[in-house]
Amino acid sequence: MDGHTDLVVIGAGAAGIFAALAARGVLAPDGTFQPVAPGSETPSVLLLDGQERPGKKILISGGGRCNVTNVRTGVPDYMSGVPNAVRSILREFPPEAVKRFFASRDVPLAKEPMGKVFPHGEGRARDILRALLGAAEEAGVVFRFGHKVETVEPDGDGWRVDDVHARRVIVATGGLSIPSTGSTGFGYGVARAAGHELVPTIPALAPLTSGTTVGLAGMTLPAILSVVDATGREEARAAGSMLFTHRGVSGPVALDISGPYERAIAEGRDVRVLADFWTLCDRTGVYARYLEHTKPPGACLPKPPRPTPPAAFEKTILEMATRGPRRKLGSFLCMRLPRRLVAHLAPSADKILSQLSKEGRREAARAVTAFDLKINGTEGYGKAEVTAGGVSLTELQRRTMESRNAPGLHFCGEVCDVTGRLGGFNFQWAWASGYLAGKGAALAVAAPVADAPADAPTETPAETPADAAPAADDPSQ
Ligand SMILES: Cc1cc2nc3c(=O)[nH]c(=O)nc-3n(C[C@H](O)[C@H](O)[C@H](O)COP(=O)(O)OP(=O)(O)OC[C@H]3O[C@@H](n4cnc5c(N)ncnc54)[C@H](O)[C@@H]3O)c2cc1C
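Here the structure is a predicted model, which is why all the values come from computation and not from measurement.

Draft legend 1. Just the pairing of strand β19 (residues 386-390), in detail. With five of its five residues buried, β19 lies for the most part within the structure. Pairing analysis gives four bridges linking strand β11 (residues 199-204) to β19, with the strands arranged antiparallel. Looking at β19, one finds that Pro203 is bridged to Thr387.

Draft legend 2. Focus on the sheet that holds strand β5 (residues 109-111). One open sheet accounts for three strands, arranged β3-β6-β5; its pairing is antiparallel. Sheet topology places β3 (69-70) and β5 at the edges, where each strand pairs with a single neighbour. Of the strand pairs in this sheet, β3 and strand β6 (residues 116-119) are connected by two bridges, and their pairing is antiparallel. Within β6, the residue paired with Thr69 across the bridge is Val117.

Draft legend 3. Just the environment of Pro309, in detail. Tracing the chain through its elements places Pro309 in the loop between β16 (271-276) and α8 (310-323). Under the C-beta neighbour-count criterion, Pro309 is labelled partly exposed, with 13 such atoms within 10 Å. Between the C-alpha atom of Pro309 and that of Ser40, which follows or precedes it by 269 residues, the distance is 64 Å.

Draft legend 4. Up close: the sheet that holds strand β12 (residues 208-210). Read across the sheet, seven strands follow the order β17-β16-β13-β14-β15-β12-β18 without closing on themselves; strand pairing throughout is antiparallel. The sheet terminates laterally at β17 (371-372) and β18 (375-378), the two strands that pair on one side only. With three bridges connecting them, β12 and β18 associate as antiparallel partners. Its bridge partner being in β18, Leu208 is matched across the sheet by Thr378. Here helix α7 (residues 252-266) sits on the sheet and contacts β12, β13 (220-229), β14 (234-244), β15 (248-250), β16 and β18; the angle it forms with β14, its principal contact strand, is near 145°.

Draft legend 5. Highlighting the domain arrangement of the chain. Parsing the chain into structural domains produces domain 1 (3-202 + 385-467) and domain 2 (208-378). A separation of 39 Å is found between the C-alpha centroids of domain 1 and domain 2. In this assembly, 14 residues from domain 1 lie in contact with 12 residues from domain 2. For the side of domain 1 that touches domain 2, the class distribution of residues is seven nonpolar, three polar and four charged.

Draft legend 6. Focus on the site of the ligand. As a matter of local geometry, the ligand sits amid 39 residues, with Gly11, Gly13, Gly174, Gly182 and Gly413 nearest to it. Breaking the shell around the ligand down by element, the ones donating at least two residues are α1 (14-23), β2 (45-49), α2 (56-60) and α12 (425-446). For the shell around the ligand, the leading source of residues is α12, giving four residues. Residue composition of the shell around the ligand, grouped by class: 16 nonpolar, 18 polar and five charged.

Draft legend 7. Structural detail: unusual backbone geometry. In this structure, Asp162 is a non-glycine residue whose phi angle is positive, near 50°. Take Asp162: there are 17 C-beta atoms within 10 Å of it, and that puts it in the partly exposed class.

Draft legend 8. Quick look at the packing of α1 against α12. Contact pair α1 / α12: the axes reach a minimum separation of 7 Å and the direction vectors enclose 35°. For the crossing formed where α1 meets α12, the hand is right-handed. Across the interface between the two elements, Ala14, Ala15, Gly16, Phe18, Ala19, Ala20, Leu21, Ala22 and Ala23 from α1 touch Phe427, Ala430, Trp431, Ser433, Gly434, Tyr435, Ala437, Gly438, Lys439, Ala441 and Ala442 from α12. Partitioned by chemical class, the residues of the contact of α1 with α12 number 15 nonpolar, four polar and one charged.

Draft legend 9. Main features of the environment of Phe101. Mapped onto the elements, Phe101 comes out in helix α4 (residues 95-104). Owing to 27 C-beta atoms within 10 Å, Phe101 belongs among the buried residues under this scheme. When neighbours within four sequence positions are excluded, Phe101 is seen to be in contact with Leu27, Gly31, Thr32 and Phe33.

Draft legend 10. Here's a closer look at the nonpolar core. Val9, Ala19 and Ile170 are the most contacted members of the largest nonpolar core, which has 146 residues in total. In terms of residue count, the dominant contributor to this core is α12 (13 residues). Shared between two domains, this core holds at least three residues of each, these being domain 1 (3-202 + 385-467) and domain 2 (208-378). Among residues more than four places away in sequence, those in contact with Ile170 are Leu7, Val9, Ile10, Gly16, Ala19, His410, Cys412, Ala437, Gly438 and Ala441.

How each quantity is defined
Residues numbered from 1 in each chain as written. Predicted model: local features only at pLDDT ≥ 70, side-chain atom pairs only at ≥ 80, totals over all residues. Buried ≥ 20, exposed ≤ 12 C-beta atoms within 10 Å, placed from the backbone. Helix = DSSP H or I, 4+ residues; strand = E, 2+ residues; numbered from the N terminus. Pairing = 2+ DSSP bridges. Contact = placed C-beta atoms within 7 Å. Axes fitted to C-alpha atoms, helices over the stretch in contact; angles between N-to-C directions. Domains from an automatic or database assignment. Nonpolar A, V, L, I, M, F, W, Y, C, P; charged D, E, K, R; others polar. Near = placed C-beta within 6 Å. Left-handed = near helix turned anticlockwise from the far one by under 90°. Core = buried A, V, L, I, M, F, W, Y, C linked by C-beta atoms within 7 Å.

Right, dumping it as structure tokens:
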């Protein structure tokens with residue numbers, strides 16, 4: 001491979017393909033695909049991927065159905081150091097635009113419970129990938145698949161990507177999770193070499209491991225999981241369906257809490273994961289409708305409710321004891337919880353409620369509302385759906401995803417320090433950040449070449465036309 005191109009995009013996953021489409025100018029402001037206008041001066045785009053058949057994460061996503069986006073996408077759905085930047089980037093290509101894009105490529109999308117959006121009817125993840133690659137081909141993007149990039153270096157007025165000289169480079173290489181999909185962490189090395197200080201990476205959306213769940217494997221039920229520190233302060237919370245596995249716990253709620261758990265451990269904090277099994281299982285209460293969504297693949301509640309305080313639960317036991325003097329703890333707990341779980345949680349299940357000691361009530365309350373799952377890790381990058389950490393948004397121009405350290409180098413998708421919870425939020429980040437990176441890089445290519453050397457530090461976000469809009473790109477926001 002030898003030559004010159006205006007733009008090189010490294011990585012043909014969701015973010016990279018979208019960046020290539022945006023750079024070729026085929027994404028209308030409302031998201032619909034529009035063919036390249038004849039005679040228009042759009043930059044040449046080379047899309048590289050190490051895999052012969054890229055887009056593997058798209059194919060395996062959502063159990064093969066691809067949860068493309070979520071109509072309720074908002075900043076609280078993401079872990080990131082710069083929430084305001086996430087907000088402004090997501091606004092540039094919202095879920096409605098994503099839906100219009102795929103509809104314009106003959107893959108209509110449909111909303112499902114919890115705001116999740118999937119291909120309509122019999123549509124599958126492969127239809128999503130086919131639509132993306134078909135659009136890129138029609139847009140005139142040049143593909144080179146099966147080419148694993150090894151070097152990215154500044155080169156005169158641009159960059160050298162192996163043997164290709166490019167005016168600009170978009171790094172969309174994903175993270176470290178599921179290495180068989182092509183994720184090797186290559187983009188982190190490119191960022192480091194360009195002077196970026198990375199947010200340390202951790203596996204996220206990964207099953208949790210524990211030694212205490214033996215005998216419960218296969219059971220699914222809704223739970224509220226909290227990460228609490230040594231003083232009992234809650235650091236993070238998620239609520240949704242949970243699955244006991246042979247190694248620990250999985251299911252949406254376990255995956256959602258795994259990132260905050262891993263982050264706390266990586267930062268040296270002594271944290272535990274506590275489970276409340278009681279609150280959500282109230283078939284007559286406000287969460288009754290939610291119970292319909294606990295079957296695999298399940299889903300998480302957008303606003304996790306507070307766990308029932310153990311003291312309040314102790315009071316409930318006392319109340320129940322007065323109502324039914326012969327009632328046993330086990331039969332009371334089984335009003336909401338599966339018998340097998342009750343047998344595991346409450347050794348005094350055979351005791352009559354009214355005869356429970358204060359300590360017995362406290363033990364039962366802790367077991368069902370603040371059960372220590374004794375989590376000792378996660379299943380790591382081999383099982384994690386995403387990698388959290390990476391290139392900080394503080395070091396990128398938020399209108400163009402361009403590096404503040406190395407002009408001409410753009411980052412988008414999972415390589416950035418933005419991690420969504422389960423439910424279509426990670427692809428939404430990939431589409432929106434890819435769109436901005438592609439559009440920003442193309443506008444910069446179209447602009448006259450600046451006098452400053454390509455690797456000079458940029459203090460002037462307004463140098464490139466895409467950043468010349470009045471609102472300043474303030475990383476401190
Ligand atoms: C099992 C699973 C299910 C998921 N389900 C969903 C879901 O339903 N909804 C959702 O929103 N998110 C889901 N995700 C997360 C989602 O897949 C990712 O957030 C998203 O794919 C990230 O896109 P990306 O383009 O940034 O990176 P990737 O999709 O990882 O693409 C990066 C590409 O870069 C290429 N590459 C890397 N290094 C090089 C190199 N040196 N040279 C050339 N090419 C290189 C790789 O081969 C790869 O093709 C799921 C993830 C997994 C693992």
